[in-house]
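The primary structure of each chain is shown beneath.
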There are 2 protein chains.
Amino acid sequence: MKYPSGIKPKNITKDIKYDNRGMTLEKEINSANEYYRSMDIAYIYKKPTPIKIVKTDYPSRDKAVIKEAYFTIPSTTDYNGLYKGYYIDFEAKETKNKTSFTLSNIHSHQIKHLENIDRHDGIAFIIVRFTTINKTYILFIKDLLDFINSNERKSIPIDFFDKKGYIIKDSLKPTIDYLKIIDKVLEGNNGN
Amino acid sequence: MKYPSGIKPKNITKDIKYDNRGMTLEKEINSANEYYRSMDIAYIYKKPTPIKIVKTDYPSRDKAVIKEAYFTIPSTTDYNGLYKGYYIDFEAKETKNKTSFTLSNIHSHQIKHLENIDRHDGIAFIIVRFTTINKTYILFIKDLLDFINSNERKSIPIDFFDKKGYIIKDSLKPTIDYLKIIDKVLEGNNGN
């Protein structure tokens with residue numbers, strides 16, 4: 001974890017003990033996905049971090065050690081999988097900003113990817129957590145694109161999430177039960 | 001690429017020049033997936049290789065260099081994605097054996113994963129290429145499980161692929177047009 005220079009992460013452990021917000025969004029989503037799998041509800045996984053391997057050593061016959069590698073830009077999103085026969089695809093981001101979410105947090109090719117998924121009848125969205133005020137939203141790609149296409153702004157105000165997004169309420173198990181929102185949307189579609 | 005001891009990969013380049021079989025199954029599938037994306041047909045990707053990072057250096061502010069990392073066993077399959085609203089999931093393997101495919105080539109948790117996908121209405125299969133005789137098959141997970149559950153054998157004879165699998169014929173663009181088989185199966189399902 002990186003901290004701004006001058007700030008030491010001294011008291012963070014203490015904060016975590018008394019505050020669920022200490023659990024990062026990524027960890028909560030991974031934990032939710034494990035829960036969904038263990039209950040045979042959904043099979044959604046985080047993809048491995050893409051890496052370009054430059055040098056590998058073989059100190060013994062069976063063991064390869066990667067000695068030089070670099071992080072590369074992911075071509076798609078972090079999470080995808082299967083729920084009730086639907087292909088699910090999303091990206092998850094945290095922001096410390098209290099009032100808006102900066103669009104540059106998501107690569108343009110990831111937005112393009114989510115658009116492709118949506119066009120081919122997959123379920124595509126982003127999960128955004130405003131950590132400072134502890135609010136987590138699902139915003140479907142159609143609404144995200146609507147914003148991008150009708151605004152010059154480089155960030156999405158939280159009002160837009162309140163209007164077009166779906167808030168994911170804290171729950172016990174999993175702590176971030178994001179498939180509840182997907183259920184709600186699927187029910188709505190069936191009702192039409 | 002690893003070679004059995006004593007065998008040098010000396011003449012392989014020459015073979016590739018005159019023989020399409022020189023292109024590995026993985027490369028052909030990646031190339032097919034690129035073709036499908038470029039034609040807006042399907043969005044299927046190979047997942048990055050899962051790696052456990054042990055040590056990272058930061059020689060400059062922006063650049064992280066991974067200095068020690070290890071390959072880890074993948075928890076799922078190599079390929080997944082979206083086609084015509086269906087969630088697609090598969091593993092691809094080559095074998096030099098002419099008469100059978102050794103089951104240990106596929107991790108048991110990958111078979112379990114494909115079974116989960118199938119139960120939740122995804123399309124789950126393996127692609128197996130018998131490189132020596134240049135035959136490539138799709139075998140759906142249901143048929144793979146049928147074999148495993150009704151046989152003591154640790155390898156699947158090629159007869160079983162001929163009977164229960166679907167051969168993927170060589171084509172021009174993409175060279176391995178595996179979605180043709182999926183189309184055939186989907187048509188068959190709709191006809192029932």
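We now turn to the structure provided with this report. (Residues numbered from 1 in each chain as written. Chains lettered and ligands numbered in written order. Predicted model: local features only at pLDDT ≥ 70, side-chain atom pairs only at ≥ 80, totals over all residues.)

**Notes on the packing of helix H3 (residues 108-119) of chain A against helix H4 (residues 141-150) of chain A**
All names here are of chain A.
Part 1 of the reasoning: In the contact formed by H3 and H4, the axes pass within 10 Å of each other and the chain directions differ by 130 degrees. In terms of axis orientation, H3 runs oblique to H4. When the axes of H3 and H4 are compared, the crossing they make is left-handed. Contacts from Ile111, Leu114, Glu115 and Asp118 of H3 reach H4 at Ile141, Lys142, Leu144 and Leu145. (Axes fitted to C-alpha atoms, helices over the stretch in contact; angles between N-to-C directions. Helix = DSSP H or I, 4+ residues; strand = E, 2+ residues; numbered from the N terminus. Parallel < 35°, antiparallel > 145°, perpendicular 65-115°, else oblique. Left-handed = near helix turned anticlockwise from the far one by under 90°. Contact = placed C-beta atoms within 7 Å.)

**Side note on the interface of chain A and chain B**
Part 1 of the reasoning: Tallying the contact residues gives 27 residues for chain A and 26 residues for chain B.
Part 2 of the reasoning: Those elements that provide at least two residues to the side of chain A that touches chain B are strand S1 (42-46), strand S3 (65-71), strand S4 (79-83) and H3 of chain A.
Part 3 of the reasoning: The element best represented in the side of chain A that touches chain B is S3 of chain A, accounting for seven residues.
Part 4 of the reasoning: Each residue belonging to the side of chain A that touches chain B can be placed in one class, and the counts come to 14 nonpolar, eight polar and five charged. (Nonpolar A, V, L, I, M, F, W, Y, C, P; charged D, E, K, R; others polar.)

**Some remarks on the sheet that holds S3 of chain A**
Part 1 of the reasoning: On the basis of which strands lie adjacent, the open sheet formed by four strands has the order S2(A)-S3(A)-S3(B)-S2(B) and antiparallel pairing. Because the sheet does not close on itself, it has two edges, and the strands there are strand S2 (51-57) of chain A together with strand S2 (51-57) of chain B. Adjacent strand axes in the sheet meet at a mean angle of 35 degrees, parallel and antiparallel pairs treated alike.
Part 2 of the reasoning: Summarising the sheet, S3 of chain A and strand S3 (residues 65-71) of chain B pair through four bridges and their orientation is antiparallel. Each residue of the ladder has a partner; that of alanine 69 of chain A, found in S3 of chain B, is isoleucine 66 of chain B. (Pairing = 2+ DSSP bridges.)

**Quick look at the relation of the copies chain A and chain B**
Part 1 of the reasoning: Between chain A and chain B, the superposition needs a rotation of 180 degrees and an axial shift of 0.0 Å, giving an RMSD of 0.0 Å. Overall, the copies show the geometry of a two-fold rotation axis.
Part 2 of the reasoning: Interface residue correspondence from chain A to chain B reaches 96%, placing this contact among same-surface, isologous pairings. (Least-squares fit on C-alpha atoms with pLDDT ≥ 70 in both.)

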